[in-house]
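Single-letter residue listing:
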Amino acid sequence: MTTPSPLLSRPGAVALALPDGGTGTVAGHYGDPLPEQRRLAEGAGLVDRSDRDVLVVPGADRLTWLHSLTSQHLERLGDATGSEALVLSPHGHVEHHVVLTDLGGTTWGDAEPGTGGALVDFLQRMRFMLRVDPALVTGEWALLSLVGPRGDQVLRAAGWPVPAGAYAVAALPGGGWVRRMPAIGDGSAAVVDLLVPRADVSARADELLAAGATLSGLDAYEALRAEARRPRAGVDSDHRTIPNELEWLRTAVHLEKGCYRGQETVARVHNLGRPPRRLVLLHLDGMSETLPVPGTPVTAGAREVGRVGTVVRHHELGVIALALVKQSVQPGTALHVGEAVAAIDPDDGPQGVDADVAAARERVRAVRSATINR
């Protein structure tokens, strides 16, 4: 979607700065970047995320079909519920991350800005003779997010439904829905996604602002998302990323479902060993005014050991980044991102391997080297 959001015309709005030097279609902030983060962490902020692509999949076969194509167990997804799913390459690399919502006989998906067209093209190629009709509807629908511990109070004051648990969904009068998502920040900033008709963005936003929310830019949301280690496809992942390297193994992959494209890689890495990289939070010191762009190498001495994705200024933590680093990199290792000194957050140590997995790995090594006792 290239048309600027109507909320970008609100007082103080500054367009989102893109890594390529351009500007986005939503506000990065409304004049107070760090205070806006605090409002999300402590109050209730309305974030314009209408740059995300939106797609629909109606049809009687939609859930079994999506179940067969993605990493998630979807064939029995209940009405008014949601989930996350991945589309993988044949080798198990992440191609798309999509958040799904099933409501009233239609499955909705929202994906990274600019990726919806390619995702719908893939789905169209996989239709065969099934009763499904995927379509991109970003021009008609827009996603907003209400973030913060006071978000439910705002919804009630506005007369909007309040979904209970994670991924629970409720229909909105006049079209669209409200969907509960996992919290961000330190775990106390609740998130509710709101899908509304694009023509009604200003009016629906005003309802929530009148009920006690304040406008906050996407930069504030991104800072709390990074703190929570929630990755974005194409930003915190690259062409080599497998689900096991990110929290998507927990939120977007069902490890006991049947065959899907890329499953062999996911199962093999999960059952027999650690993934080659892991997602960590980096603390950066000595930063200039210009933050590193996604893909900037993380180095240990002369050795490249990873790459950064999201880099943000956090209202409490300073400059932080999400990075994919090799499993061998220990907390305390002296790292650099460009000219900045970087340190891995102490909570993000290497993944351990339990005794059963270690034994299985040793047996595989023995078979491969023909040294196993027979």
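Look a little higher up for the structure.
Residues numbered from 1 in each chain as written. Predicted model: local features only at pLDDT ≥ 70, side-chain atom pairs only at ≥ 80, totals over all residues. Heavy atoms only, no water.

1. Considering the overall build of the chain
No. 1: Helix and strand counts for the chain stand at 9 helices and 19 strands.
No. 2: Based on the C-alpha atoms only, the size of the chain along its principal axes is roughly 70 × 55 × 35 Å.
No. 3: Out of the 374 residues in the chain, the part that is buried amounts to 52%.
No. 4: Taking the intrachain contacts of the chain between residues at least 6 apart in sequence as the baseline, contacts between residues at least 24 apart amount to 66%.
No. 5: When the accessible surface of the chain is totalled, it reaches about 16,100 Å², and 53% of it is carbon and sulfur.
No. 6: For the chain, the distance from the average site of its 37 positive side-chain charges to the average site of its 44 negative ones is 6 Å. (Helix = DSSP H or I, 4+ residues; strand = E, 2+ residues; numbered from the N terminus. Buried < 20%, exposed > 50% of the residue type's maximum accessible area, 1.4 Å probe, protein only. Contact = heavy atoms within 4.5 Å. Areas by Shrake-Rupley, 256 points an atom, 1.4 Å probe, with all protein chains shown as cover. Lys, Arg positive; Asp, Glu negative; His and termini not counted. Charge placed at Lys NZ, Arg CZ, Asp CG, Glu CD.)

2. Notes on the sheet that holds strand E6 (residues 94-103)
No. 1: The sheet built from 5 strands is open, its strands ordered E5-E6-E7-E4-E8 with antiparallel pairing. In this open sheet, the two edge strands, each paired with only one partner strand, are strand E5 (81-88) and strand E8 (135-136).
No. 2: Sheet contacts for helix H2 (residues 62-69): strand E4 (53-58), E6 and strand E7 (106-111); angle to E7, the most-contacted strand, approximately 35°.
No. 3: Sheet strands in contact with helix H3 (residues 116-125) are E4, E5, E6, E7 and E8, and its direction is about 20° off that of E4. (Pairing = 2+ DSSP bridges. Axes fitted to C-alpha atoms, helices over the stretch in contact; angles between N-to-C directions.)

3. Digging into the packing of aromatic side chains
No. 1: Taken as a whole, this structure holds 1 aromatic pair when the rule is applied.
No. 2: Summarising the aromatic geometry, the rings of Trp-108 and Trp-141 are spaced 5.1 Å apart at their centres and angled 80° between planes, so their arrangement reads as edge-to-face. In this pair, Trp-108 sits in strand E7 while Trp-141 sits in strand E9 (residues 141-147), placing the two residues 33 residues apart along the sequence. (Phe/Tyr/Trp six-rings, centres within 6.5 Å; stacked < 30°, edge-to-face > 60°.)

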